[in-house]
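# Coordinate inspection notes
Listed below are the residues making up each chain.
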There are 2 protein chains.
Amino acid sequence: MIIKSNFIFTKDKDEFTIEENKYITVEDGKIKEIKDDCDKEYIDYSDKFMIPSFVNLHTHAPQFLNRGLGYDYELLPWLNKYTFVTESKYKDIEFARKYHEKFVDDLIRNGSLNSVIFGTIHRKSDNILIDLLKKRKVFSYVGKVNMTMNSPEYLVESKKESIDETIKFVEENKDERVKPIITPRFAISVDSDTLKKLSDIAIENNLPIQSHLDENLDEVKTVSELFEDDNYASVYYNRNLLGKTKTIMAHCIYMNDKEIKLMQNPNVFIAHCPRSNMNLKSGIAPIKKYLDLGINVGLGTDVSGGNNESMLEEIRASIQVSKLYSIYVDKNTKPIKSSEAFYMATKGGGKFFGKVGSFEKGYDFNALLIDDKNIVFDRNIDLLDRINAFIYSADDRNIVKRFVLGEEIY
Amino acid sequence: MIIKSNFIFTKDKDEFTIEENKYITVEDGKIKEIKDDCDKEYIDYSDKFMIPSFVNLHTHAPQFLNRGLGYDYELLPWLNKYTFVTESKYKDIEFARKYHEKFVDDLIRNGSLNSVIFGTIHRKSDNILIDLLKKRKVFSYVGKVNMTMNSPEYLVESKKESIDETIKFVEENKDERVKPIITPRFAISVDSDTLKKLSDIAIENNLPIQSHLDENLDEVKTVSELFEDDNYASVYYNRNLLGKTKTIMAHCIYMNDKEIKLMQNPNVFIAHCPRSNMNLKSGIAPIKKYLDLGINVGLGTDVSGGNNESMLEEIRASIQVSKLYSIYVDKNTKPIKSSEAFYMATKGGGKFFGKVGSFEKGYDFNALLIDDKNIVFDRNIDLLDRINAFIYSADDRNIVKRFVLGEEIY
């Protein structure tokens, strides 16, 4: 397949790479080359532009129904009053089938064609979520959540059940495109034994791990009371849950220097969720600093801490909060540039999946076709302005086609 | 006209007033009553809900084409490098006709049916904007902008021209629904004589005034170098431009106590534009404090400091930044509640227009019909959750009808 269009991506976080009026050749779903000329048949999208599809590194499928609810509370009471109650309903697999389908549709509508998703503790419902994602052909990781302590009686597992169900979940899911991910909810919800056993499962099966880390000061304090480890990150690290296999830690707002050291590992990714961090009054993560240290950072919508599945709103929020950070928290930290935010939403998070999130040779051709005529109108605007205008003022209606491995989906 | 629906509004900023399954009677465009029963013919929207339409207290029509551009700069360089260049193009009235039409359409699409708008210095183009707004039947104020100093040669007026054109503009526009507003750009752009003469015009014609105030620290410093007045607010106050007639001041981030005192006047309104204030790295205005002092506050999208015309995104941003304010600036200031944000976007800004922005008796029936089935699905959710979910996760597609004085428009 050859497509003629304008290709905008971030090979490097510091600037957009813009290939204007070029021809991209896709073979077996991967990008073979971008050329100036073409003497074969091609599809012509040269009035529009294409970008790598978004990589959503952190969201909770069973919280889709809670978008916008409970934001008068901070993390821990919000979990107890809103989140856990809703998640417990996903024990009912018919309930799960109905609403996970809405979630998956919304995820794809918003352009996230590679996603890393929390399910619930309910293996069978998580399997339904996996089936729905397979049917829609989007690359994803789904976690069966583990919760063995400090959880309400209607949403908790015994240690044995938690491990047994996780092993079954891993055995049941061997698909190439939609894969399992080991998912201890966070240190508060999972006992030390179970944490260790989960890392054994991850390492044996070479599976990635996801959890939450340093999101909220009360959470950090609670973890320090529950565990004797030096700090929150080391609770995971000391139990082989941070970086032995690929690992995503959501939030990472309140990290000390020792913790930051532990994150400086090519296997470790931070999922930055700036809207969630505002909604739950958590704070602003020092993302510019992490990027400058070479730590992997991607973006996550974190529904329903985040208020909807829009990666575009998340991208702009990541820039906006970084400006407030540089005014109110640390004047020496520069704000995030739009290219850096775009990079996090594509290639930065994409690294978690492999060669994903860019239009370089060998990368998966997971892409969005953008029609920006309601922004550009009839004006002759350069592509750098067009990508910035798109980032800041567009929504999913501007995404007119979605491709996974070169195949149009949705 | 009688409509059966669920009516959600904020009589008071501290809580939503919810009239479930009620009948509203509209006479001559105004609300007569809301009743429990009805024995006459009515329109049935009981599967949806209605809210007062949004009041957009501050936006710039000629910056519509710049959405998303130049946010690597702060206010003053951004004005010089991006804004002024684009505004100067509106000297061409055919250019203005074409793009002001797009702007007006976008404004209404986003549910702003009462708006206060900056034009440019070009009277004829501003008149075109007024005509477009009249045709679409939305209540609005349009300002012919005054700029007599510290402005580029391609976007500046002589003192005489500035006043003469303003007088003509006022004489030409006597419509009841779309009215002129006196609009000195900001103290940096307008000399002291012209400021005084503009207030004479405002007072003689009983016209309101709009400008910018305390948006950015470099701006505040520049004003203090240009004027000998005690502070930025008093530059306006001492020239009868703050509160003699109804006045909107956009931003008000960096106010000292003396300035805040000047704002405590029932004629004075603050237009809070939190997204613009992030995009241009201006800061966070202490809005909760202003609300508690009884100062009038409304919301403004402030395109193109603000990145699009979505009042919904502005509402959520107003809550989000208030949470960051309470973490990083003043721990004693509480965040804004969703009812307060909604109030600012409706009744708070609506006061500038009169009885606007609420569903109380005697108020203009300017309203939006909301279809939230892509949020609620088939669940039985109470209306308080529905309004919060709407505020946080909806967009203009959820607005399915728009009414001005009881008449459906758009």
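Refer to the structure presented above.
Residue positions within a chain follow its written sequence, with the count starting from 1. Lettering of chains starts at A and numbering of ligands starts at 1, both following the order in which they are written. Reporting of local features is limited, given that this is a predicted model, to residues whose pLDDT is at least 70; pairs of side-chain atoms are given and counted only at 80 or more, and all residues count toward the totals for whole chains, interfaces and linings. Note that water and hydrogens are dropped before the side-chain values are worked out from all heavy atoms of the structure.

## Describing the overall build of chain A
What counts as a helix is a DSSP run of H or I of at least four residues, what counts as a strand is a run of E of at least two, and both are numbered from the N terminus. Counting its regular elements, chain A contains 14 helices and 17 strands. Taking 410 residues into account, the globule formula puts the C-alpha radius of gyration at 22 Å, and chain A, at 21 Å, falls close to it. In terms of overall dimensions, chain A has a C-alpha envelope of 65 × 50 × 35 Å along the principal axes. Accessible area is worked out with a 1.4 Å probe on protein chains only. A residue is then buried under 20% of its type maximum, exposed over 50%, and partly exposed in between. Buried positions account for 66% of the 410 residues belonging to chain A. Residue contacts are defined here by distance: any two heavy atoms, one from each residue, within 4.5 Å place the two residues in contact. Partitioning the contacts of chain A with sequence separation of at least 6, the portion at a separation of at least 24 is 75%. Each accessible area value is a Shrake-Rupley result obtained with a 1.4 Å probe; residue values ignore everything except the protein chains displayed when judging cover. Only carbon and sulfur atoms are counted for the fraction: they give 45% of the accessible area of chain A, which is about 14600 Å². Charge assignment in this entry is limited to Lys and Arg as positive and Asp and Glu as negative, and neither His nor the chain termini are counted. All charge positions are set by atom: Lys at NZ, Arg at CZ, Asp at CG, Glu at CD. Of note, chain A has its 58 positive side-chain charges centred 1 Å away from the centre of its 65 negative side-chain charges. For a compact globule the rule gives 2.2 Å times the number of residues to the power 0.38, and the radius of gyration it is set against comes from C-alpha atoms.

## Quick word on helix H5 (residues 192–204) of chain A
Residue and element names in this part refer to chain A. Given the number of residues in a helix, its expected span is that number minus one, multiplied by 1.5 Å. With 13 residues, H5 extends 19 Å between its outermost C-alpha atoms, agreeing within 8% with the 18 Å of an ideal straight helix rising 1.5 Å per residue. Residues of H5 that are buried: Thr-194, Leu-195, Leu-198, Ser-199, Ile-201 and Ala-202. Each buried residue of H5 sits inside an arc of 155° when the element is viewed along its axis, so together they form one side. As for H5, its buried residues are in contact with strand E8 (145–146), helix H4 (159–172), strand E10 (183–184), strand E11 (209–213) and helix H7 (232–237). Throughout, the arc means the angular range of directions from the helix axis out to the C-beta atoms.

## Let's talk about the side chain of Ser338(B)
Residue and element names in this part refer to chain B. Relative to the helices and strands, Ser-338 resides in helix H12 (residues 338–350). Exposure remark for Ser-338: the relative accessible area of 11% places this residue in the buried category. Distance and chemistry together define a polar contact, namely a pair of N or O atoms within 3.5 Å, with one atom able to donate a hydrogen and the other to accept it when in protein, and with adjacent residues in sequence counting only for side-chain atoms on both sides. Of the polar contacts made by the side chain of Ser-338, one reaches the side chain of Asn-388; its length is 2.7 Å. If sequence neighbours within four positions are ignored, Ser-338 has contacts with Phe-16, Ile-319, Asn-388 and Ile-391.

## Describing the relation of the copies chain B and chain A
A least-squares fit on C-alpha atoms brings the copies together, and the residues used are those whose pLDDT is at least 70 in both copies. Of the transformation superimposing chain B on chain A, the axial component is 0.0 Å and the angular component is 180°, with the fit at an RMSD of 0.0 Å. The symmetry that links the two subunits is that of a two-fold axis. Measuring from the rotation axis to each C-alpha of chain B, the shortest distance belongs to Tyr328(B), at 3.1 Å. Same-surface contact between copies: 100% of interface residues of chain B are shared with the interface of chain A.

## Concerning the packing of aromatic side chains
Working definition: a ring pair exists when centres of Phe, Tyr or Trp rings (six-membered ring for Trp) sit within 6.5 Å. Plane angles under 30 degrees give stacked, over 60 give edge-to-face, the rest tilted. One pass over the structure, following the stated rule, counts 38 aromatic pairs over all chains. Aromatic pair Tyr71(A) and Tyr392(B): ring centres 4.6 Å apart, planes at 85°, arrangement edge-to-face. On the criterion of chain membership, the pair formed by Tyr71(A) in the loop between strand E5 (54–60) and helix H1 (75–88) and Tyr392(B) in helix H14 (residues 383–393) is interchain, its members lying in two chains. Taken individually, Tyr71(A) and Tyr392(B) each receive the classification buried, so the pair is uniform in this respect. Note on Phe365(B) and Phe403(B): the rings are 5.9 Å apart at their centroids and 50° apart in plane angle, and the pair reads as tilted. Pair noted here: Phe365(B) is in the loop between H12 and strand E15 (367–370) and Phe403(B) is in strand E16 (residues 399–404), with a separation of 38 residues, a long-range link. Given the relative accessible area of 0%, Phe365(B) is considered buried. Taking relative accessible area as the criterion, Phe403(B) reaches 3% and is therefore assigned buried.

## As for the packing of helix H11 (residues 311–328) of chain A against helix H12 (residues 338–350) of chain A
All names here are of chain A. Here an angle of 0 to 180 degrees is reported between the N-to-C directions of two axes, which are lines fitted to C-alpha atoms, with helices fitted over the stretch in contact. H12 packs onto H11 with a crossing angle of 135° between their chain directions and a minimal axis gap of 9 Å. Put simply, H11 runs oblique to H12. For the pair H11 and H12, the crossing hand works out as right-handed. Between H11 and H12, the contacting residues are Met-311, Ile-315, Ser-318 and Ile-319 on the first element and Ser-338, Ala-341, Phe-342, Met-344 and Ala-345 on the second. Three classes are used: nonpolar for Ala, Val, Leu, Ile, Met, Phe, Trp, Tyr, Cys and Pro, charged for Asp, Glu, Lys and Arg, and polar for all others, with Gly counted as polar. Of the residues that constitute the contact of H11 with H12, the class distribution is 7 nonpolar, 2 polar and no charged. Here the angle decides the label: under 35 degrees means roughly parallel, over 145 means roughly antiparallel, 65 to 115 means roughly perpendicular, and every other value means oblique. For a crossing to be left-handed, the near helix must be turned anticlockwise from the far one by less than a right angle; the clockwise case is right-handed.

## Details of the interface of chain B and chain A
Listed as interface residues are 44 residues of chain B and, on the opposing side, 44 residues of chain A. Summed over both partners, the accessible surface that disappears when two parts come together, traced with a 1.4 Å probe, is what is meant by buried area. Taken together, both faces of the contact between chain B and chain A bury some 4100 Å²; the carbon and sulfur share is 56%. Any carboxyl oxygen of Asp or Glu that lies within 4 Å of a side-chain nitrogen of Lys or Arg is treated as forming a salt bridge with it. Linking chain B with chain A are 6 salt bridges, by the criterion used here. In this structure, Asp396(B) engages Arg397(A) in a salt bridge whose closest nitrogen and oxygen atoms are separated by 2.6 Å. The tally of links from chain B across to chain A stands at 24 residue pairs in polar contact (both at pLDDT 80 or more). Top contributing element to the side of chain B that touches chain A by residue count: helix H11 (residues 311–328) of chain B, with 9 residues.

## Looking at the pattern of salt bridges
Inspection of the entire model under this criterion finds 78 salt bridges over all chains. A salt bridge links Glu27(A) to Lys32(A); its shortest N-O distance comes to 3.5 Å. Exposure remark for Glu27(A): the relative accessible area of 45% places this residue in the partly exposed category. Classification of Lys32(A) as partly exposed rests on a relative accessible area of 37%. Put simply, Asp364(B) and Lys30(B) hold a salt bridge, and the shortest N to O gap is 2.7 Å. In this pair, Asp364(B) is assigned in the loop between H12 and E15 and Lys30(B) in strand E3 (residues 30–35), connecting sequence segments 334 residues apart.

## Side note on the sheet that holds strand E5 (residues 54–60) of chain B
Residues and elements named next belong to chain B. Should DSSP find at least two bridges between two strands, the strands are taken to pair. As summarised here, the arrangement of the 4 strands in space is E5-E6-E7-E9, forming an open sheet in which the pairing is parallel. Single-partner strands in this sheet number two, and they are E5 and strand E9 (178–180). Across the sheet, the axes of successive neighbouring strands diverge by a mean angle of 20°, strand direction being ignored. In terms of strand pairing, strand E7 (residues 139–143) meets E9 through 3 bridges, oriented parallel. Among the inter-strand pairings, Tyr-141 is bridged to a residue of E9, identified as Lys-179.

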